[in-house]
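Observations on chain architecture
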Amino acid sequence: MTPLPPRLRKLTLTLHVTASVGWLGAVAAFLALAVAGLTSGAPQTVRGAYLAMDVIGWYVIVPFSVASLLTGVVQSFGTVWGLLRHYWVIAKLLITVVATVLLLVHMQPVGHLADAAARAALAGGELEGMRIQLIADAAAALLVLLTAAALSVFKPRGVTRYGRRRQRDQIPQPR
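Here the structure is a predicted model, which means the values were calculated and not measured.

Moving on: a positive patch on the surface. A surface patch of like charges, here positive, comprises Arg 161, Arg 164, Arg 165 and Arg 168. Within the element layout of this structure, Arg 165 appears in helix H5 (residues 161–170).

With that out of the way, let us pick up the side chain of Arg 131. In this fold, Arg 131 is placed in helix H4 (residues 128–154). Residue Arg 131 is classed as buried on the basis of its relative accessible area, which comes to 1%. One polar contact links Arg 131 to Tyr 50, side chain to side chain, over a distance of 3.0 Å.

A separate point is unusual backbone geometry. Its identity as a non-glycine residue notwithstanding, Lys 155 has a phi of 40 degrees, on the positive side. Summarising the element assignment, Lys 155 is placed in the loop between H4 and H5. Residue classification places Lys 155 among the partly exposed positions, given a relative accessible area of 31%.

So, on to the nonpolar core. Note on soluble globular proteins: their nonpolar side chains tend to be buried together. Grouped together as the largest cluster of nonpolar side chains are 23 residues, with contacts concentrated most on Trp 23, Tyr 50, Met 53 and Ile 61. At the level of elements, helix H1 (6–39), helix H2 (43–77), helix H3 (87–119) and H4 are the ones that each hand at least two residues to this core. Discounting residues that sit within four places of it in the chain, Ile 61 has contacts with Trp 23, Ala 26, Val 27, Phe 30, Ile 56 and Leu 103. Trp 88, Val 89, Ala 148 and Leu 151 belong to the second-largest nonpolar core, a separate cluster that totals five residues.

Side chains of Val 55, Trp 58, Tyr 59, Val 60 and Leu 104 sit close together on the surface and give an oily, nonpolar patch of about 500 Å² of accessible area. Top contributing element to the nonpolar patch by residue count: H2, with four residues. Tracing the sequence through the fold places Val 60 in helix H2.

Take the environment of His 106 next. One can find His 106 in helix H3. The class for His 106 is buried, based on a relative accessible area of 12%. In this structure the C-alpha to C-alpha distance between His 106 and Val 89, which are 17 residues apart in sequence, comes to 25 Å. Not counting chain neighbours up to four residues away, the residues in contact with His 106 comprise Phe 30, Leu 134 and Asp 137. Among the polar contacts made by the side chain of His 106, one reaches the side chain of Asp 137 at a distance of 3.1 Å.

A word on the packing of H1 against H4. As a packed pair, H1 and H4 sit with axes 9 Å apart at the nearest point and diverge in direction by 155 degrees. In terms of orientation, H1 lies roughly antiparallel with respect to H4. Between H1 and H4 lies a crossing whose hand is left-handed. Between H1, through Trp 23, Leu 24, Val 27, Ala 28, Phe 30, Leu 31, Ala 34, Val 35, Gly 37 and Leu 38, and H4, the contact on the second element is made entirely by Glu 128, Arg 131, Ile 132, Leu 134, Ile 135, Ala 138, Ala 139, Ala 141, Leu 142, Leu 145 and Leu 146. Split by residue class, the contact of H1 with H4 holds 18 nonpolar, one polar and two charged.

Definitions and limits used
Residues numbered from 1 in each chain as written. Predicted model: local features only at pLDDT ≥ 70, side-chain atom pairs only at ≥ 80, totals over all residues. Heavy atoms only, no water. Patch = residues over 30% accessible without salt bridge, like charges linked within 9 Å, V, L, I, M, F, W, Y side chains within 5 Å. Areas by Shrake-Rupley, 256 points an atom, 1.4 Å probe, with all protein chains shown as cover. Salt bridge = Lys/Arg side-chain N within 4 Å of Asp/Glu carboxyl O. Lys, Arg positive; Asp, Glu negative; His and termini not counted. Charge placed at Lys NZ, Arg CZ, Asp CG, Glu CD. Helix = DSSP H or I, 4+ residues; strand = E, 2+ residues; numbered from the N terminus. Buried < 20%, exposed > 50% of the residue type's maximum accessible area, 1.4 Å probe, protein only. Polar contact = N/O pair within 3.5 Å; in protein donor to acceptor, adjacent residues only side chain to side chain. Core = buried A, V, L, I, M, F, W, Y, C linked by side-chain atoms within 4.5 Å. Contact = heavy atoms within 4.5 Å. Axes fitted to C-alpha atoms, helices over the stretch in contact; angles between N-to-C directions. Parallel < 35°, antiparallel > 145°, perpendicular 65-115°, else oblique. Left-handed = near helix turned anticlockwise from the far one by under 90°. Nonpolar A, V, L, I, M, F, W, Y, C, P; charged D, E, K, R; others polar.

Written as structure tokens, this is what we have:
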């Protein structure tokens, strides 16, 4: 695979970082809304929090997660890191794929709570278990996304067998 030209590489890197940071920030906002929805005594705040979580989930978090996944794959094909050459890249790919799939599954209870909030204020202990679960899921997602960010920054050593083979094939052999 030939590396991307510098301008295109920088563009895809910018898109990837923007999508990833956007995903992280949107999850933080989602977590804040989940806490407000659980702890507020004001019915309008509770209703607004769960309705906003549904909108943020579908129109911000899901698109950013997909964009992060796609731009990360494009970025890996156009750089020296490759997609399967280094364990940290594989770990980031798996984190992103699993997080995106779990996010899509997670959006079902968010939609359920948004529907319940739209019909009537969620007060007191109504659907409390589900509401607490949303906080736990968002906090876990934040931790997972921070782990992916740390992998990008620290790039721990560890080349896969495929990566070692590629490195060996690229070194000119003495004659």
